[in-house]
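If you want the building blocks of each chain, they are given just below.
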Amino acid sequence: SAVISQKPSRDICQRGTSLTIQCQVDSQVTMMFWYRQQPGQSLTLIATANQGSEATYESGFVIDKFPISRPNLTFSTLTVSNLSPEDSSIYLCSAGRGQLQETQYFGPGTRLLVL
Amino acid sequence: ILNVEQSPQSLHVQEGDSTNFTCSFPSSNFYALHWYRWETAKSPEALFVMTLNGDEKKKGRISATLNTKEGYSYLYIKGSQPEDSATYLCAFLSRDDKIIFGKGTRLHILP
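This report concerns the structure included in the present document.

### As for the state of the cysteines
Residues and elements named next belong to chain A.
- The full count for this structure, using the stated rule, is two disulfides over all chains.
- At a sulfur-sulfur separation of 1.9 Å, the disulfide partner of C23 is C93. Of note, the bridge from C23 to C93 carries an S-S torsion of about 70 degrees and is right-handed in sense. Remark: C93 occurs in strand 9 (residues 89–96) and C23 occurs in strand 3 (residues 19–25); sequence separation between them is 70 residues.

### Thoughts on the sheet that holds strand 3 (residues 19–24) of chain B
Residue and element names in this part refer to chain B.
- Read from one edge of the open sheet, five strands run 1-3-8-7-6, paired in antiparallel fashion. Each edge of the open sheet is held by one strand with a lone partner, namely strand 1 (5–7) and strand 6 (56–59). Adjacent strand axes in the sheet meet at a mean angle of 15 degrees when their direction is disregarded.

### Here's the deal with the layout of surface pockets
- There is about 880 Å³ of room inside the largest pocket.
- Surrounding the largest pocket, 36 residues form its lining, A:Q37, A:G40, A:Q41, A:S42 and B:K103 being those nearest its centre.
- Of all the secondary structure elements, the ones that give two or more residues to the lining of the largest pocket are strand 5 (43–49), strand 9 and strand 11 (110–114) of chain A together with strand 1, strand 9 (86–94), strand 10 (99–101) and strand 11 (105–110) of chain B.
- Within the lining of the largest pocket, the residues separate by chemical class into 15 nonpolar, 15 polar and six charged.

### Comments concerning the sheet that holds strand 1 (residues 4–7) of chain A
Residues and elements named next belong to chain A.
- Spatially, 1-3-8-7 is the arrangement adopted by the four strands of the open sheet, whose pairing is antiparallel. Strands at the two margins of the open sheet, each flanked by one partner only, are strand 1 and strand 7 (68–72). Each strand of the sheet is rotated relative to its neighbour by a mean of 15 degrees, with strand direction disregarded.
- Bridge analysis of strand 1 against strand 3 gives four bridges, and the strand direction is antiparallel.

### Considering the side chain of B:N67
- Position of B:N67 among the secondary structure elements: in strand 7 (residues 62–67).
- Engagement of the side chain of B:N67 in a polar contact is seen with the backbone nitrogen of B:K69, the distance being 3.1 Å.

### As for the environment of A:A47
Residue and element names in this part refer to chain A.
- Counting through the fold element by element, A47 comes out in strand 5.
- Residues A47 and L73, 26 residues apart in the sequence, show an inter-C-alpha distance of 16 Å.
- Ignoring anything within four residues of it in the chain, the contact list for A47 reads M32, F33, W34, A55, T56, Y57 and I68.

Thresholds applied
- Residues numbered from 1 in each chain as written.
- Chains lettered and ligands numbered in written order.
- Predicted model: local features only at pLDDT ≥ 70, side-chain atom pairs only at ≥ 80, totals over all residues.
- Heavy atoms only, no water.
- Disulfide = S-S within 2.5 Å.
- Helix = DSSP H or I, 4+ residues; strand = E, 2+ residues; numbered from the N terminus.
- Pairing = 2+ DSSP bridges.
- Axes fitted to C-alpha atoms, helices over the stretch in contact; angles between N-to-C directions.
- 1 Å grid on protein atoms, 1.4 Å probe; cavity = no way out; pocket = protein on both sides within 12 Å on 5 of 7 lines; lining within 4 Å.
- Points joined across faces, edges and corners; volume = space filled by probe spheres on them.
- Nonpolar A, V, L, I, M, F, W, Y, C, P; charged D, E, K, R; others polar.
- Polar contact = N/O pair within 3.5 Å; in protein donor to acceptor, adjacent residues only side chain to side chain.
- Contact = heavy atoms within 4.5 Å.

Without other data, these values stay purely geometric and don't point to any function.
Okay, here's the thing in structure tokens:
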């Protein structure tokens, strides 16, 4: 298994600003992913964070809005840019030792409220 | 559009009773189905990874079955305990690397 921590655990931000979320894994992992859960909705995959190269974004998500970094095998950041109230969500990172289809280990999430 | 449905949305169960709920998913392009338990203020925790039609998996008092031909999975909890209170999520994984979560079933165990 893997233990994942996220910072911050929650934040309240003004519209137009940005928030960067950090995700730290306690061991080296192959895959890291970022998800969003909007109120009343399902967990939705935003992107796969690739170590040493650009993230792979799912349909409907773009790098300008959700820039992602992954400088090594245990750490990743997600920035949510130019915040609007629609970005109010829980953001989770997850990690896996294999491909997306393998068991994923999740962080506790970051609760974001945009005013 | 791929859709994963979980029912019921919410469930109240008396402590000691058994319960079950459903995850419906597309029957084509299936690769795997995951079940997770997500307690409030904690990380979602993996329960089962299911890949074969007819799979049955068990972890303590919790078990799950899988029917890929008709596109459904059941999760069973035997003798519910207060610590079972959580949201149970299923996720459909396709052969072309898509992952679709259901909205979850929120389980409340009544003392």
